[in-house]
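Fold and contact review
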Amino acid sequence: MESRFSEKARQIIRDLGGKNNIDSVVNCATRIRVIVKEADLLATSKQFKKDGVFYVVRSEKLIQLIIGLDVPLIQEEIRSLLGTTIQFENNLDEYGLTVAGEQARILVECVGDVRNINTVTILGRDLVITVLHPDLVDPYSVLLELDIGVQSVKISDHVVRITIDQAAQIAVEINELAHYYKFFN
């Protein structure tokens, strides 16, 4: 009997244009990142959503599918269907990130990327991020659906206030990302 993860994996592969259109697949805590050969073969965002993907981020041939915490199980099924298996060790993801590091990267993506961040501070258990362009911030519902420990989100003008465990560690990670971006650009 096929699991619900197997069926979802099949649907996602279909939505990505089929096995032959997929160059690489990696996952993080809540996303599957895919490089496809032909972006024109992708299904619509509406079809992805129908097949259980919360949100699709498209950047030419790089596709990010925001799925939630079922990602490792779905990813395992996708790799099985594609005939590839990759294992990771030491509680680090495929990029060598800790949980706080991965949460930071996810939150950076949710606020429009590092170029959109003006400041990052901590206020109690809250991570307070001021952004240059509030229209680039993911909707409140997406931030909560990611299931990365976000307990509440308040978005007001250019300020995004996120209640999350390890806020101080996440702030350090976000500030390091900003530093590296400025250093290399």
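Attention here is on the structure that accompanies the text.

The rules behind the values
Residues numbered from 1 in each chain as written. Predicted model: local features only at pLDDT ≥ 70, side-chain atom pairs only at ≥ 80, totals over all residues. Heavy atoms only, no water. Pairing = 2+ DSSP bridges. Helix = DSSP H or I, 4+ residues; strand = E, 2+ residues; numbered from the N terminus. Axes fitted to C-alpha atoms, helices over the stretch in contact; angles between N-to-C directions. Contact = heavy atoms within 4.5 Å. Left-handed = near helix turned anticlockwise from the far one by under 90°. Nonpolar A, V, L, I, M, F, W, Y, C, P; charged D, E, K, R; others polar. Buried < 20%, exposed > 50% of the residue type's maximum accessible area, 1.4 Å probe, protein only. Core = buried A, V, L, I, M, F, W, Y, C linked by side-chain atoms within 4.5 Å.

Some points on the sheet that holds strand β1 (residues 22-27)
Read from one edge of the open sheet, four strands run β1-β2-β4-β3, paired in antiparallel fashion. Two strands lie at the open edges of the sheet, namely β1 and β3 (55-59), each paired on one side alone. Neighbour-to-neighbour, the strand axes of the sheet open up by a mean angle of 15°, direction not taken into account. Pairing of β3 with strand β4 (residues 62-66) involves five bridges; the strand directions are antiparallel. In the sheet register, Val57 faces β4, and the bridge partner there is Gln64. Contacts from helix α3 (residues 71-82) reach β1 and β2 (31-36), with the element oriented near 150° to β1.

Let's talk about the packing of helix α1 (residues 4-15) against α3
Packing of α1 against α3 leaves a shortest axis separation of 8 Å and a crossing angle of 65°. Crossing of α1 over α3 shows right-handed handedness. Listed contacts from α3 to Phe5, Ser6, Lys8, Ala9, Arg10, Ile12 and Ile13 of α1 are Leu73, Ile74, Glu77, Ile78, Leu81 and Leu82. Per-class residue counts for the contact of α1 with α3 are nine nonpolar, one polar and three charged.

Observations concerning the environment of Ile32
Relative to the elements of secondary structure, Ile32 occurs in strand β2. Residue Ile32 is classed as buried on the basis of its relative accessible area of 0%. It is 9.5 Å that separates the C-alpha atoms of Ile32 and Gly68, two residues lying 36 residues apart in sequence. Among residues more than four places away in sequence, those in contact with Ile32 are Val25, Val26, Asn27, Ile63, Gln64, Leu65, Ile67, Val71, Ile74, Gln75 and Ile78.

As for unusual backbone geometry
The phi dihedral of Asp157 falls on the positive side, at around 55°, and the residue is not glycine. By relative accessible area, Asp157 is classed as exposed at 60%. Backbone geometry places Gln166, a non-glycine residue, at a positive phi of 65°. The topology assignment puts Gln166 in the loop between β8 (159-164) and α6 (167-184). Using a relative accessible area of 38% as the deciding quantity, one classes Gln166 as partly exposed.

Quick notes on the nonpolar core
Grouped together as the largest cluster of nonpolar side chains are 28 residues, with contacts concentrated most on Leu107, Leu127, Ile129, Ile162, Ile164, Ile170 and Ile174. The leading source of residues in this core is helix α4 (residues 99-110), at six residues. Each residue touching Ile164, except ones within four places of it in the same chain, is listed here: Gln103, Leu107, Arg125, Leu127, Ile148, Gly149, Val150, Gln151 and Ile170. Ala9, Val25, Ala43 and Val71 belong to the second-largest nonpolar core, a separate cluster that totals 22 residues.

Things to note about the pairing of strand β6 (residues 126-131)
Within a regular strand, the side chains alternate between the two sheet faces. Counting buried positions along β6 yields six of six residues, so the element is predominantly enclosed. Here β6 shows a buried face lined by Asp126, Val128 and Thr130 and a second buried face lined by Leu127, Ile129 and Val131. In this structure, strand β5 (residues 117-123) lies alongside β6, joined through six bridges in antiparallel fashion. Looking at β6, one finds that Leu123 is bridged to Asp126. Counting the residues that bridge the hairpin from β5 to β6 gives two residues, and of these Gly124 lies at a positive phi of roughly 65°. Looking at chain direction, β6 and β8 are connected through five bridges and run antiparallel. Paired with Asp126 across the bridge in β8 is Thr163.

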